[in-house]
Amino acid sequence: MRTLITGGVRSGKSFQAESLVVGAPDVTYIAPGPPPDPEFDPDWAARVRAHRERRPEHWKTIETSDLEQAIAMADTPVIIDCLGTWVTSLIDELDGWDQTLDEWEPLLWKRVEDAISAMTAHAEDVVVVTNEVGWGVVPETRSGRLFRDLLGTVNQRFADDCDEVLLVVSGRVLRL
């Protein structure tokens, strides 16, 4: 089963994702976001630490932006948390914040398609967490608009290949 869980920030998406696989004897938790740097961004470091502490000790955690390889290496149910941080990491790796889209966007979509292929080929359950970023104001900055637009399309691509899509709002889950 492939499940995409989307919703706003702090809506309960990660908790919902974890609850879907909590009964599995082993789980691979893929955290594809930027590595925490307590000196540069103590809030992000604290958020990553809280997620780590909440997970059962027997779960395997992989912190990497190579989503395709991490999924392919797993032989357990997988949680990917989250696509928003993964897209940020990809844009960072491709130096996309300061270049025009046509200089790097094809590489981003190749990585997206490779990750989706790995997800659909995975023999165990895959639960993918993402943010629904298109419901707010139009971002003032180019980087904000770029991220919003790319993540919206990435979410659509993953949803197309998932068996189920859940929307989490204020801790409540709606099956779409």
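Residues numbered from 1 in each chain as written. Predicted model: local features only at pLDDT ≥ 70, side-chain atom pairs only at ≥ 80, totals over all residues. Heavy atoms only, no water.

### Here's the deal with the overall build of the chain
Okay, step 1: When its secondary structure is counted, the chain shows six helices and seven strands.
Okay, step 2: The C-alpha atoms of the chain give a radius of gyration of 16 Å, which matches the 16 Å a tight globule of 176 residues would have.
Okay, step 3: For the chain, the C-alpha atoms occupy an extent of roughly 45 × 35 × 30 Å along the three principal directions.
Okay, step 4: Contacts in the chain between residues at least 24 apart in sequence constitute 78% of all its contacts with a sequence separation of at least 6.
Okay, step 5: When the accessible surface of the chain is totalled, it reaches about 9,400 Å², and 52% of it is carbon and sulfur.
Okay, step 6: Here the chain carries 17 positive and 31 negative side-chain charges, and the mean point of each set is 5 Å from the other. (Helix = DSSP H or I, 4+ residues; strand = E, 2+ residues; numbered from the N terminus. Rg over C-alpha atoms; globule rule 2.2 N^0.38 Å. Contact = heavy atoms within 4.5 Å. Areas by Shrake-Rupley, 256 points an atom, 1.4 Å probe, with all protein chains shown as cover. Lys, Arg positive; Asp, Glu negative; His and termini not counted. Charge placed at Lys NZ, Arg CZ, Asp CG, Glu CD.)

### Some details on a nonpolar patch on the surface
Okay, step 1: Judged by side-chain polarity, Val-169, Leu-174 and Leu-176 come together as a nonpolar surface patch covering roughly 290 Å² of accessible area.
Okay, step 2: Turning to its location among the elements, Leu-174 is positioned in strand 7 (residues 172-175). (Patch = residues over 30% accessible without salt bridge, like charges linked within 9 Å, V, L, I, M, F, W, Y side chains within 5 Å. Salt bridge = Lys/Arg side-chain N within 4 Å of Asp/Glu carboxyl O.)

### Observations concerning the pairing of strand 6 (residues 164-169)
Okay, step 1: The buried fraction of strand 6 is high, at five of six residues.
Okay, step 2: As paired elements, strand 6 and strand 7 share four bridges and run antiparallel to each other. For Val-169, the partnering residue across the bridge sits in strand 7 and is Arg-172.
Okay, step 3: Taken together, strand 6 and the strand that follows it, strand 7, pair antiparallel across an intervening segment of two residues, in which Ser-170 is found at a positive phi of about 50°. (Buried < 20%, exposed > 50% of the residue type's maximum accessible area, 1.4 Å probe, protein only. Pairing = 2+ DSSP bridges.)

### Brief notes about the side chain of Arg-2
Okay, step 1: Tracing the backbone shows Arg-2 in strand 1 (residues 2-7).
Okay, step 2: Comment: no salt bridge for buried Arg-2; closest opposite-charge side chain is Asp-163, at 5.1 Å.
Okay, step 3: A polar side-chain atom of Arg-2 sits 3.4 Å from the main-chain carbonyl oxygen of Thr-120. (Polar contact = N/O pair within 3.5 Å; in protein donor to acceptor, adjacent residues only side chain to side chain.)

### As for the packing of aromatic side chains
Okay, step 1: Tallied over the entire structure, the rule returns one aromatic pair.
Okay, step 2: Ring centres of Trp-86 and Phe-158 lie 6.2 Å apart, and the angle between their planes is 90°; this geometry places the pair in the edge-to-face category. With Trp-86 in helix 4 (residues 83-93) and Phe-158 in helix 6 (residues 142-160), this residue pair connects regions lying 72 residues apart in the sequence. Residue Trp-86 shares its accessibility class with Phe-158, and that shared class is buried. (Phe/Tyr/Trp six-rings, centres within 6.5 Å; stacked < 30°, edge-to-face > 60°.)

### Side note on the packing of helix 5 (residues 105-121) against helix 6
Okay, step 1: The contact between helix 5 and helix 6 brings their axes to 10 Å, and the two run at 30°. By the angle between their directions, the pair helix 5 and helix 6 is classed as roughly parallel. When you trace helix 5 past helix 6, the crossing you get is right-handed. Where helix 5 abuts helix 6, its residues Glu-105, Leu-108, Trp-109, Val-112, Glu-113, Ala-115, Ile-116 and Met-119 lie against Leu-150, Thr-153, Val-154, Arg-157 and Phe-158.
Okay, step 2: Grouping the constituent residues of the contact of helix 5 with helix 6 by class yields nine nonpolar, one polar and three charged. (Axes fitted to C-alpha atoms, helices over the stretch in contact; angles between N-to-C directions. Parallel < 35°, antiparallel > 145°, perpendicular 65-115°, else oblique. Left-handed = near helix turned anticlockwise from the far one by under 90°. Nonpolar A, V, L, I, M, F, W, Y, C, P; charged D, E, K, R; others polar.)

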